[in-house]
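Tertiary structure, described
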Amino acid sequence: MNAVWLISAGIVGGVLGGMGFGGGTLLLPILTFFFSVPYKLAAWVNLVVFLPTAVVALVVHSKNRTVEWRAVWQVIVPAVLGLVAGALLMGKVSERLLRRAFGVFLIFVGSISVFAVLFGFFKKNAKN
Amino acid sequence: MREKREGRKGKIPLKNFLKKALATVLGALSGGVNVLFGGGGGMLVAPALRYGLGIEEKRAHASAIAVMLPLSTVSAAIYTMRGVWDVRLGLLVGCGAVLGGAMGALLLKKVPKTALSLLFYGVMIYAGVKFLK
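Conventions used here
- Residues numbered from 1 in each chain as written.
- Chains lettered and ligands numbered in written order.
- Predicted model: local features only at pLDDT ≥ 70, side-chain atom pairs only at ≥ 80, totals over all residues.
- Heavy atoms only, no water.
- Helix = DSSP H or I, 4+ residues; strand = E, 2+ residues; numbered from the N terminus.
- Buried < 20%, exposed > 50% of the residue type's maximum accessible area, 1.4 Å probe, protein only.
- Contact = heavy atoms within 4.5 Å.
- Expected span 1.5 Å × (residues − 1).
- Domains from an automatic or database assignment.
- Buried area = accessible area lost by both parts, 1.4 Å probe.
- Salt bridge = Lys/Arg side-chain N within 4 Å of Asp/Glu carboxyl O.
- Nonpolar A, V, L, I, M, F, W, Y, C, P; charged D, E, K, R; others polar.
- pLDDT = per-residue confidence, 0-100.
- Axes fitted to C-alpha atoms, helices over the stretch in contact; angles between N-to-C directions.
- Left-handed = near helix turned anticlockwise from the far one by under 90°.
- Patch = residues over 30% accessible without salt bridge, like charges linked within 9 Å, V, L, I, M, F, W, Y side chains within 5 Å.
- Areas by Shrake-Rupley, 256 points an atom, 1.4 Å probe, with all protein chains shown as cover.
- Parallel < 35°, antiparallel > 145°, perpendicular 65-115°, else oblique.

**Concerning the environment of Arg59(B)**
Looking at the secondary structure, you find Arg59(B) in helix H4 (residues 57-81). Of the residues examined, Arg59(B) reaches a relative accessible area of 27% and is grouped as partly exposed. Along the backbone, Arg59(B) and Ala46(B) are 13 residues apart, and their C-alpha atoms lie at a distance of 9.5 Å. Setting aside anything within four residues of it in sequence, one finds Arg59(B) in contact with Arg65(A), Thr66(A) and Glu68(A).

**Points about helix H4 (residues 69-90) of chain A**
The terminal C-alpha atoms of H4(A) lie 30 Å apart, and with 22 residues this matches the ideal 32 Å at 1.5 Å per residue to within 8%. Turning to H4(A), its buried residues are Ala71(A), Val72(A), Val75(A), Ile76(A), Pro78(A), Ala79(A), Gly82(A), Leu83(A), Gly86(A), Ala87(A) and Met90(A). Looking at the buried positions of H4(A), the neighbouring elements they touch are helix H3 (39-63) of chain A together with helix H2 (12-37), helix H3 (42-52) and H4 of chain B.

**Overview of the domain arrangement of chain A**
It is common to report an interface's size as the accessible area lost on association of the parts. Residue and element names in this part refer to chain A. Its domain assignment divides chain A into domain 1 (1-67) and domain 2 (69-128). A straight line from the C-alpha centre of domain 1 to that of domain 2 covers 17 Å. Facing the 10 residues of domain 1 at the interface are 9 residues of domain 2. Surface buried jointly by domain 1 and domain 2 totals about 890 Å² across both partners, of which 70% is contributed by carbon and sulfur atoms. By the criterion of area lost to domain 2, the three top residues of domain 1 are Tyr39, Lys40 and Val67, representing 63% of everything that side buries. The tally of links between domain 1 and domain 2 comes to 0 salt bridges. Of all the elements in the fold, those that place two or more residues in the side of domain 1 that touches domain 2 are helix H2 (24-34) and H3. Here the residues of the side of domain 1 that touches domain 2 sort into 7 nonpolar, 2 polar and 1 charged.

**Side note on the confidence of the model for chain B**
Residue and element names in this part refer to chain B. On average, residues of chain B score 91 in pLDDT, and 92% of them are at 70 or above. Mean pLDDT values for the elements of chain B range from 50 in helix H1 (residues 2-7) up to 96 in H4. Across the whole predicted complex the pTM is 0.91, and at the interface the ipTM reaches 0.93.

**Observations regarding the packing of H4(A) against H2(B)**
For any two helices packed against each other, the geometry is given by the interaxial angle and the distance between the axes. Two elements in contact, H4(A) and H2(B), have axes separated by 6 Å at closest approach and are oriented at 35 degrees. Regarding H4(A) and H2(B), the two cross each other, and that crossing is right-handed. Touching Gln74(A), Val75(A), Pro78(A), Ala79(A), Gly82(A), Leu83(A), Gly86(A), Ala87(A), Leu89(A) and Met90(A) of H4(A) are Lys20(B), Thr24(B), Gly27(B), Ala28(B), Ser30(B), Gly31(B), Gly32(B), Val35(B) and Leu36(B), all from H2(B). Split into classes, the residues belonging to the contact of H4(A) with H2(B) amount to 10 nonpolar, 8 polar and 1 charged.

**Some words on a nonpolar patch on the surface**
Taken together, the side chains of Trp69(A), Trp73(A) and Val77(A) define a hydrophobic patch exposed on the protein surface, amounting to about 360 Å² of accessible area. Of the residues examined, Trp73(A) reaches a relative accessible area of 56% and is grouped as exposed.

**Details of the packing of H2(B) against H4(B)**
Residues and elements named next belong to chain B. At a minimum axis distance of 9 Å, the contact between H2 and H4 shows a crossing angle of 40 degrees. Judged by the angle between their axes, H2 and H4 are oblique. The way H2 lies across H4 gives a crossing that is right-handed. Only Met68, Leu71, Ser72, Ser75, Ile78 and Tyr79 of H4 make contact with H2, whose side of the interface consists of Ser30, Gly31, Asn34, Val35, Leu36 and Phe37.

**Details of the environment of Gly54(B)**
Residues and elements named next belong to chain B. The topology assignment puts Gly54 in the loop between H3 and H4. Note on Gly54: relative accessible area 58%, which makes it exposed. Counting along the chain gives 34 residues from Gly54 to Lys20, while the straight-line C-alpha distance between them is 9.6 Å.

Below, the structure written as structure tokens:
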């Protein structure tokens with residue numbers, strides 16, 4: 001695979017992530033469709049490349065005191081339980097099923113987000 | 001506004017309970033989704049913090065990173081232990097992601113957020129449809 005193109009794919013994912021969109025939700029499709037990376041490997045790449053940027057972002061945010069640690073704990077505890085359940089399920093699910101399930105997830109979250117954005121937009125304009 | 005709120009006082013505990021339940025369910029889903037799909041957990045954690053725990057948008061995004069960092073670290077470790085990894089691929093895409101991350105943070109204040117959000121979610125839905133095949 002061409003190195004320059006792979007770096008470009010990372011830039012696209014990074015820019016979206018840096019702007020606060022879920023960068024991975026696009027990096028995963030880019031890697032699987034344009035680079036034919038097997039889904040599980042693309043998943044690993046997506047998880048790993050998020051880490052350095054996240055560390056820097058977290059340091060900056062916690063210095064600015066924008067992290068609500070109490071809330072973080074409230075979400076992290078159930079999230080760890082979900083992670084354990086997901087990890088146990090992982091070996092039992094085929095790559096094909098994972099891709100489809102992720103497709104459903106993207107459509108579902110994407111649609112809700114569209115409504116949320118439109119709703120927020122009209123609400124804001126109605127106020128002004 | 002204030003009177004209205006006081007009038008509804010009796011309903012507030014139930015509403016708070018439901019909101020906390022929403023945050024808990026979304027949190028649990030985010031952990032599972034993130035390890036199974038290799039991402040997307042943040043898309044659930046941000047609304048859990050915002051709508052479930054009532055945290056304002058910017059702070060919710062910042063706090064979501066604090067949730068996602070340990071989750072993604074552990075998830076990535078699980079993949080690696082299962083033999084799913086590729087150093088070259090990780091390094092190349094990773095270099096791009098670090099560069100892009102800085103660009104994104106700088107660009108954030110200069111772009112029309114609503115239009116960009118809609119474009120982003122549109123592409124996301126399109127990618128979702130492609131994954132179904």
